[in-house]
Amino acid sequence: MTAPTTRFAPSPTGRLHLGHAASARHGFEAARQAGGRFLLRIEEIDGTRCRREHEDGILDDLRFLGLSWDGEVRRQSEHLDDYERAVERLREMELLYPCFCTRADIAAEIARAACAPHDLPVPGPLAGPCGPLYPGTCRRMAREDAERRIASGAGYGLRLDVERSARLAEQRNGGPLFWHDRGAGRIEATPRALGDVVLARKEIPTSYHLAVSVDDHLQGVTLVTRGTDLFHATHIHRLLQALLGLDVPEYDHHPLVLDDRGERLAKRRHAPTIRSLRDEGRTAAEIWRMAGWPPVGETRSGEAETTDGHR
Ligand code: GLU
């Protein structure tokens, strides 16, 4: 088996906490223990939430913790052309449609459809793993109406027609799509469960799902390590890989770090940041123990290990 190329792909919306450090360490160890490559990608396409100072802070925390990465850091905002090309291909395949709905429009449509379930455009549950499923309102809009609204300057997102896309991908593949997960085994992709996800916006020509799928391919990532909170997203990523002819990596969705109450660490729950732990005088080794890992250079069983020579 060839040595994997893994990556850590933080969004600089704040400083790293223990959960991020643990996630980075999963990717780092999977690569280093097998003599592979560990890449770093900064996912900062959402300029309203991401900050350069957080990005610099993340790099500084990773260095402090002893995690070295290979090659240049890829910053998504510097590669918008790559994503635009992918959007263009999907558009040519007639798998995208403009959507003008606000959150309020979507909530109202869902409430209406809930009263008349037979009206639901996509059969199945009203709620997807990332919130309410888009009820398909704009999918039914006449093309001329959509063009008129775009010409008048209306804001919009481009949604993937997931039914049509999944049907096309399965037809080409001669059956359902699968991915291999190190923890969960062979998983059948069921992208319809996420509904018509947004793949690009008027002001940001891409989205998390699209950029991650394109980047993992372009960076030659062969093993995607990320938390189980993103497991559902892989169903859409697998579909995009099939539609765009991208390489299919292996996946390892690792458990999340929980706090003493068994709750998942997240910024909104005031998890201590690596920066604040450093400010309290904690060493890298202490921080690793708090994240459930031994210091870098030691394996989980405590054996010393060299990480040199893999770069
Ligand atoms: N940027 C995402 C995050 O910070 C992670 C993306 C991924 O690993 O696929 O949650």
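Structure's up top.
Owing to the predicted nature of the structure, the values given are computational and were not obtained by experimental measurement.

## Observations concerning the site of the ligand
Taken together, the residues surrounding the ligand are Arg-7, Ala-9, Pro-10, Ser-11, Glu-43, Tyr-208, Arg-226 and Leu-230. Arg-7 is positioned with one of its side-chain polar atoms (N or O) 2.7 Å from an oxygen atom of the ligand. Interatomic distance of 2.7 Å between a backbone N/O atom of Ala-9 and a nitrogen atom of the ligand. Protein contacts shield 78% of the accessible area of the ligand, which totals 300 Å² for the unbound molecule. Here the residues of the shell around the ligand sort into four nonpolar, one polar and three charged.

## Let's talk about the pattern of salt bridges
When the charged atoms of two side chains lie near each other, side chains of opposite charge can form a pair. Evaluation of the coordinates by the stated rule reveals 30 salt bridges. Note that Arg-139 is salt-bridged to Asp-196, the shortest N-O span being 2.8 Å. In this pair, Arg-139 sits in the loop between strand E6 (131–132) and helix H5 (143–151) while Asp-196 sits in the loop between strand E9 (185–188) and strand E10 (198–201), placing the two residues 57 residues apart along the sequence. Relative accessible area serves as the criterion here: at 2%, Asp-196 is assigned to the buried category. Taking the shortest distance from any N to any O, the salt bridge between Glu-163 and Arg-167 comes out at 3.4 Å. Of this pair, Glu-163 and Arg-167 both sit in helix H6 (residues 162–173), four residues apart, roughly one helical turn.

## Digging into the side chain of Arg-15
As for its position among the elements, Arg-15 is in the loop between strand E1 (5–8) and helix H1 (18–32). Only 3.4 Å separates the side chain of Arg-15 from the backbone oxygen of Gly-57, close enough to count as a polar contact. A polar contact of 3.0 Å, which involves the side chain of Arg-15, links it to the side chain of Asp-61.

## Some details on the packing of aromatic side chains
Summed over the entire model, instances satisfying the criterion amount to four aromatic pairs. Each ring, one from Trp-179 and one from Tyr-251, has its centre 6.1 Å from the other, and the planes form 65°; the classification is edge-to-face. With Trp-179 in strand E8 (residues 178–181) and Tyr-251 in strand E12 (residues 250–254), the pair connects residues that are 72 residues apart, well separated along the chain. Note on Trp-179: relative accessible area 3%, which makes it buried. For Tyr-251, a relative accessible area of 1% corresponds to the buried category.

## Looking at the packing of helix H7 (residues 208–218) against helix H8 (residues 233–244)
Packing of H7 against H8 brings their axes to within 9 Å, and their N-to-C directions diverge by 60°. In terms of orientation, H7 lies oblique with respect to H8. Here the hand of the crossing between H7 and H8 comes out right-handed. Contact residues: H7 offers Tyr-208, His-209, Leu-210, Val-212 and Ser-213, while H8 offers Ala-233, Ile-236, His-237, Leu-240 and Leu-244. Residue composition of the contact of H7 with H8, grouped by class: seven nonpolar, three polar and no charged.

## Some details on unusual backbone geometry
Residues apart from glycine generally show negative phi values, whereas peptide bonds are mostly found in trans. The residue Glu-94 is not glycine, and still its phi comes out positive at about 60°. Here Glu-94 shows up in the loop between helix H3 (80–92) and strand E4 (96–99).

## Remarks on the packing of H3 against H8
Close contact between H3 and H8 brings their axes to 11 Å; oriented N to C, the two are set at 75°. Here H3 is positioned roughly perpendicular relative to H8, judged by the angle of their axes. Between H3 and H8, the residues in contact are Ala-86, Arg-89 and Leu-90 and Leu-240, Leu-243 and Leu-244, respectively. A class-by-class count of the residues in the contact of H3 with H8 yields five nonpolar, no polar and one charged.

How each quantity is defined
- Residues numbered from 1 in each chain as written.
- Predicted model: local features only at pLDDT ≥ 70, side-chain atom pairs only at ≥ 80, totals over all residues.
- Heavy atoms only, no water.
- Near = heavy atom within 4 Å.
- Polar contact = N/O pair within 3.5 Å; in protein donor to acceptor, adjacent residues only side chain to side chain.
- Areas by Shrake-Rupley, 256 points an atom, 1.4 Å probe, with all protein chains shown as cover.
- Nonpolar A, V, L, I, M, F, W, Y, C, P; charged D, E, K, R; others polar.
- Salt bridge = Lys/Arg side-chain N within 4 Å of Asp/Glu carboxyl O.
- Helix = DSSP H or I, 4+ residues; strand = E, 2+ residues; numbered from the N terminus.
- Buried < 20%, exposed > 50% of the residue type's maximum accessible area, 1.4 Å probe, protein only.
- Phe/Tyr/Trp six-rings, centres within 6.5 Å; stacked < 30°, edge-to-face > 60°.
- Axes fitted to C-alpha atoms, helices over the stretch in contact; angles between N-to-C directions.
- Parallel < 35°, antiparallel > 145°, perpendicular 65-115°, else oblique.
- Left-handed = near helix turned anticlockwise from the far one by under 90°.
- Contact = heavy atoms within 4.5 Å.

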